[in-house]
Structures are given as structure tokens and as C-alpha cells.
Amino acid sequence: MNWEQLLSLRRAGDTNKRLRKEQNETRLGFEVDYDRIIFSSAFRSLQDKTQVIPLSKTDFVHTRLTHSLEVSVVGRSLGRLAGQRIIEKHPHLKTIHGYQMNDFGAIVAAAALAHDIGNPPFGHSGEKAIGEYFSIGNGKRFKNELTPEEYQDLVKFEGNANGFKILTEDRPGIPGGIRLSYATLGAFMKYPKESLPHKPTNHIADKKFGIFQSEKAFFEEVANELGLLPTGNTKNKSFARHPLAFLVEAADDICYTIIDFEDGINLGLIEEEYALEYLIKLVKDSINTAKYHSLQTRADRLSYLRALAINTLITEAVEIFLNNEEAILAGEFHQSLFDKSRYEAQITDIIKISIENIYQSEEVISKEIAGYQMLSHLLDTYTNALLPEKGEPESNFNKLVLKLVPNVIEYENLDLYGNLIKICSYISSLTDSNIVNSFKKFKGLRI
């Protein structure tokens, strides 16, 4: 892979090549990507989606929105620092093509801003609830009417693939979705492959998948424009990651490792003294102990350690990225950046504590159980109304539901798979509170 292709400014529907040196410096194409994401309704819905605690009433706990904004800020720093060194190493990118250090920051910031845009309500538990509806729930009835690839998209429903769908899907009068640059779409795709073959390997890009069958053709177009290296067969498409996807992933890793941990402390789920000890281990080379001991409140101590920890990990991630640039461009780097970090043990310890004390806390598990039930009921309600079993008489209840089907589900012009993926994508677009309200409405608990 080469940086000239990887930094493509092309957008869906373009007929002419966009050149960086011809860009308006007051409104660069990569910065337009950021603007389009932040003004999208899909991004706004993240303000009421779970990051740590579902339906939390506590002000300081992060939602997907605040998490995404913080990941974007960290991603911008990662991209700029890496971009500065890449431009120095490959000066022709600037002298011939006009690329600047900040272009790398803008691409990573935009992709990081959108990284959770396809996640369903109730976090990763929501993904599992949708998948299990089709693998072991009532949705299993559709299996024999779908191709293996289509069925796999449903039983392993993936927020990353749904995010690519949201960003690129044609809508009436809006071809190409929000029309992001292909460079930003490439950096967004942490898992540039379709759902089959399902062969988990040690390669980080095989951990999940990033493309539904409904977006396969456009995905290939983006991958070919960027010059991503093919890694799969001719039928089931799979490509090496865009190099900047490693920085997007690192930004997410930094934020959920440090900031989710901070939320756990603020919520009282992790003892302060115990937790601060782990953060201090991470920043022991940069901490000013006199300043730290002068801080009077827990919030101030946490804020100081958080800033040091994030800065430490940003510096570390950039160094690992640059030291492995050639392998990454060759598609031969198979780990996350922090798998090669000297702080791997400290990061692992912090994540382990967060899993035990936050993600598996009674409050989180109780709300995830409720979320399972609500998501399954909504899937049943919409699939029964839109796709009734053959030979079954249409109930009046289903007729009434059809009158409420949102415009975003254009079910009359789609095949079975198209309908099912549309239903799942629509339900995924709902906020946590939307799910609760819809569930109560369909169960007759709210009028």
C-alpha cells in the first residue's frame, strides 16, 4: 500500500479526481468529513446510548457520544504526530501532492468520531441480543431462505458493519449516504472483511467483520480506490487494514481503558486508593509527585493522572506505529498497536479490573438482561408484521404495527435479507430510552 492512494479524497459519486493541492485550505475535504458526521442524526443518537452504565442517571458517566468525542480528540493527536513524521519520511507527499501533517489528524479524528455510530442500544450486549434472536430465537425461521453470508450477517450482527452501512447507504435523494472521503472510510474500517468465512485468527483484523452483504459492492470500490491489499478469496472479500485504522483503534483503546476506569472510580465501583495505584504504575515515569500530593480532591487527582496516562499512551502508540510503518503498509502487521506496548501489562490489569467491577457489576448486568428482552420483543414485533409466516392469516395487531413502520424501513421494495437487515439497522439506530419507550408501547404499558 502507498500513502498517495491511502489518502484519497474521493467521495461516492465523484467523476473527477480530487487533488489535495487544489483543496480550499479554509475547508479541507477531510475536515468536511468531521462536520458531516457530527451533524448527522445517527451521531446525535449516541447521546443516549450506553458506554459504561445503561440508562445511567449520573451526570459524569460517559455516553457513547462523549466517548466518541474523546476518542476523536485522542485520534486527532495520534494522527497529527504520526503525520508529521510520515511527511518528514516521505517529503513528496507534501512537495508534489500537497498533503500536510494535519490531514492525517483530520482523517483519524473523523473516523474515530464515527467509530461507534453503528452500535445498537445497550452496547455490545445489544449486538448479542440481535444475533441470538436469529441464531436461537424466533428469527431462526429465516435461515433456510437466506444465503450463508446473509444469515451470518444476522446471527453475528456487528456494530462496525452497521456503522459502514449508516455512513454509506443510499437514501431517497441522498446517494452515497453522508459521502465521506474514501480515506476516512478506510480508516473507519477496523475489520475490512465480510462475515464469512468466520475464521478467527491471530490477525487483529479477523477479530470481527465490518461489512454486510448489502454494502459489499461499495466496500470493494472503496478498498480498490485506496489500494488496500486483498487477503481473502475472490468470493468472500477481505482486505488488509488501512494503516490509519490502527490509530483509530488505538484512540478507542486509550479512552475506554483510562476513561471507563475513571467512571468506575467516580461511581464507587472501584476503590479510589486501589485504582489510583494502577494509574500511577502507568505514569510513574512522568508523574510530578509533589504536584500530585498537593491536589485536594479525588476529581483533581483523577484528572491529573488521566491526562498523564492518555499522553503517555498517545506517545507510545505513535512510536509503535512509526516503527512498524513498513510492515503495516505491506499488510504484515497483525496486532493492535498496544499488543506491542511496554505498558501492555498495566493496560491489561486496568481492563481486568474494569471488567470485574464495572462491566460485570449488578447494575450493568440487570439492565442488559432487560435490554435483551426489549430488543427481542421489538425484533419479533417488526419481523412478524413485515414478514409474516407463509400461510398464516395477518393479524389486526400486525396491520396496526405496519401503520407505524418508520419511513427508514422501505420494506415493500426489498428482498427478505434487505428487509431483515433494514429492521436490525433501524432498531440499532434507536437510543436506549427509545427502546424502553417502544417496548412499553407495544406491550400496552404506555399510551
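Residues numbered from 1 in each chain as written. Predicted model: local features only at pLDDT ≥ 70, side-chain atom pairs only at ≥ 80, totals over all residues. Heavy atoms only, no water.

Chemist: How would you summarise the nonpolar core if you had to cite specific residues and measurements?
Modeler: Note on soluble globular proteins: their nonpolar side chains tend to be buried together. By size, the foremost hydrophobic cluster in this structure holds 94 residues, and its most contacted members are Trp3, Ile37, Leu78, Leu244, Phe261, Phe321 and Leu337. Examining the composition of this core, we find that 13 residues originate from one element, helix α15 (residues 298–323), more than from any other. Those residues in contact with Ile37 that lie beyond four places of it in its chain are Phe43, Ala110, Leu113, Ala114, Ile117, Ile178 and Leu180. Core analysis: the second largest hydrophobic core is formed by 37 residues, Phe134, Ala161, Met374 and Tyr417 among them. (Core = buried A, V, L, I, M, F, W, Y, C linked by side-chain atoms within 4.5 Å. Buried < 20%, exposed > 50% of the residue type's maximum accessible area, 1.4 Å probe, protein only. Helix = DSSP H or I, 4+ residues; strand = E, 2+ residues; numbered from the N terminus. Contact = heavy atoms within 4.5 Å.)

Chemist: Hey, could you go over the side chain of Thr168 for me, with residue numbers and the actual values?
Modeler: Structurally, the position occupied by Thr168 is in helix α9 (residues 159–168). Residue Thr168 is classed as buried on the basis of its relative accessible area, which comes to 6%.

Chemist: Could you give me a rundown of the environment of Asp14, with the residues and numbers involved?
Modeler: Considering the arrangement of structural elements, one finds Asp14 in the loop between α1 (3–6) and α2 (29–38). Asp14 sits 165 residues away from Arg179 along the chain, and the two C-alpha atoms are 9.8 Å apart. Those residues in contact with Asp14 that sit more than four places away from it in its chain are Leu9 and Arg179. Of note is the side chain of Asp14, whose polar atom sits 2.9 Å from the backbone nitrogen of Arg11. (Polar contact = N/O pair within 3.5 Å; in protein donor to acceptor, adjacent residues only side chain to side chain.)

Chemist: Can you break down the packing of helix α18 (residues 362–386) against helix α19 (residues 396–403) residue by residue, with the values?
Modeler: Relative orientation of the contacting elements α18 and α19 amounts to 100°, with a least axis distance of 9 Å. The angle between α18 and α19 places the two elements in the roughly perpendicular class. Across the interface between the two elements, Thr381, Tyr382, Asn384, Ala385 and Leu386 from α18 touch Phe397, Asn398, Val401 and Leu402 from α19. Class assignment for the residues of the contact of α18 with α19 results in 6 nonpolar, 3 polar and no charged. (Axes fitted to C-alpha atoms, helices over the stretch in contact; angles between N-to-C directions. Parallel < 35°, antiparallel > 145°, perpendicular 65-115°, else oblique. Nonpolar A, V, L, I, M, F, W, Y, C, P; charged D, E, K, R; others polar.)

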